[in-house]
Amino acid sequence: MVNENDFEDEIEMTQDDHHESEDLELSDEEALGASKMKRLREKIARITEEKQQVMEEAARERADFLNAKRRLENERAQDKIRSTKKHVEALLPLADSFEMARSDKETWEKADDNWRKGIEGIHTQLQKLIESYKVVAINPNGATFDPHKHEAISLTPVDEKKLHDTVTAVLQKGYEMDVDGTVEVIRPARVIVGEYTE
């Protein structure tokens, strides 16, 4: 025979089991939720670190690109300067020829006026072309010898001490060029330098 108390005990035990099982399920869910949160936080931390690495790499790549671009621009500018110098250097023998032609004053004055004017016009055009490249002639007659701008071909004795190391004659003009605010000698002037001896 079934005892009524036994039945009630069974119901109570079932209810207790049910509460225990609910408590277990809740704690399992909380543990599961906490585990998922931990994994998500770890994933977020990993993604944040990867993002930081990608951003740093992108910044490095951008800096490398900008540096390479700047180097290329500088190289192009230097190539242009070298090309201009070569072009000017190719024109200098013509300028020398005009100087030599005009150096013999007597012969120059005897030449036909129209011919002489034509030659002077061509010479003026050449000088303007050379000057358009910011190139100026170095004619240091009477100046102190400067080994950076002058090439001493020979020495000549001088009577005065103040003329020692002074340019006494210019055999060939030199030329210098303004390159971005810096003056560079394209060709030194060929000179004779005075030498004083007691």
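In what follows, the structure referred to is the one given above.
Cut-offs used in this document
- Residues numbered from 1 in each chain as written.
- Predicted model: local features only at pLDDT ≥ 70, side-chain atom pairs only at ≥ 80, totals over all residues.
- Heavy atoms only, no water.
- Helix = DSSP H or I, 4+ residues; strand = E, 2+ residues; numbered from the N terminus.
- Contact = heavy atoms within 4.5 Å.
- Pairing = 2+ DSSP bridges.
- Axes fitted to C-alpha atoms, helices over the stretch in contact; angles between N-to-C directions.
- Expected span 1.5 Å × (residues − 1).
- Buried < 20%, exposed > 50% of the residue type's maximum accessible area, 1.4 Å probe, protein only.
- Arc of directions from axis to C-beta.
- Patch = residues over 30% accessible without salt bridge, like charges linked within 9 Å, V, L, I, M, F, W, Y side chains within 5 Å.
- Areas by Shrake-Rupley, 256 points an atom, 1.4 Å probe, with all protein chains shown as cover.
- Salt bridge = Lys/Arg side-chain N within 4 Å of Asp/Glu carboxyl O.
- Lys, Arg positive; Asp, Glu negative; His and termini not counted.
- Charge placed at Lys NZ, Arg CZ, Asp CG, Glu CD.

1. Notes on the side chain of Glu 176
Here Glu 176 shows up in strand β4 (residues 174-179). Sequence-distant contacts of Glu 176, that is, excluding residues within four places in its chain, are made with Lys 134, Val 135, Val 136, Ile 138, Lys 149, Val 183, Glu 184, Val 185 and Ile 186.

2. Details of the sheet that holds strand β1 (residues 135-138)
Spatial strand order, β1-β4-β5: 3 strands in an open sheet with antiparallel pairing. Each edge of the open sheet is held by one strand with a lone partner, namely β1 and β5 (182-187). Ignoring strand direction, the axes of neighbouring strands in this sheet form an average angle of 30°. Bridging between β4 and β5 involves 5 bridges; their strand directions are antiparallel. Looking at β5, one finds that Tyr 175 is bridged to Arg 187.

3. Observations concerning helix α3 (residues 113-132)
Helix length check: α3 (20 residues) gives 28 Å between terminal C-alpha atoms against 28 Å at 1.5 Å per residue, within 8%. All of the buried residues along α3 are Arg 116, Ile 119, His 123, Leu 126, Gln 127 and Ile 130. The arc that holds every buried residue of α3, seen down its axis, measures 100°, which confines them to one face. Facing away from the buried side of α3 by more than 90 degrees, the exposed set consists of Asn 114, Lys 117, Gln 125, Lys 128 and Ser 132.

4. Describing a negative patch on the surface
The grouping of Glu 25, Asp 28, Glu 29 and Glu 30 at the surface amounts to a negative patch. Mapping Glu 29 onto the fold places it in helix α1 (residues 4-103).

5. A few points about the pattern of salt bridges
All chains considered together, the criterion is met by 10 salt bridges. The salt bridge involving Arg 187 is made with Asp 96; its shortest N-O contact spans 2.8 Å. One end of the pair, Arg 187, is in strand β5; the other, Asp 96, is in helix α1, and 91 residues separate them in sequence. The exposure classification of Arg 187 matches that of Asp 96, with both residues buried. Where Arg 190 meets Glu 151, a salt bridge forms, and the shortest distance between an N and an O atom there is 3.7 Å. Of this pair, Arg 190 sits in strand β6 (residues 189-196) while Glu 151 sits in strand β2 (residues 150-158), and the two are 39 residues apart along the sequence. Look at Glu 151 and you get partly exposed, because its relative accessible area is 33%.

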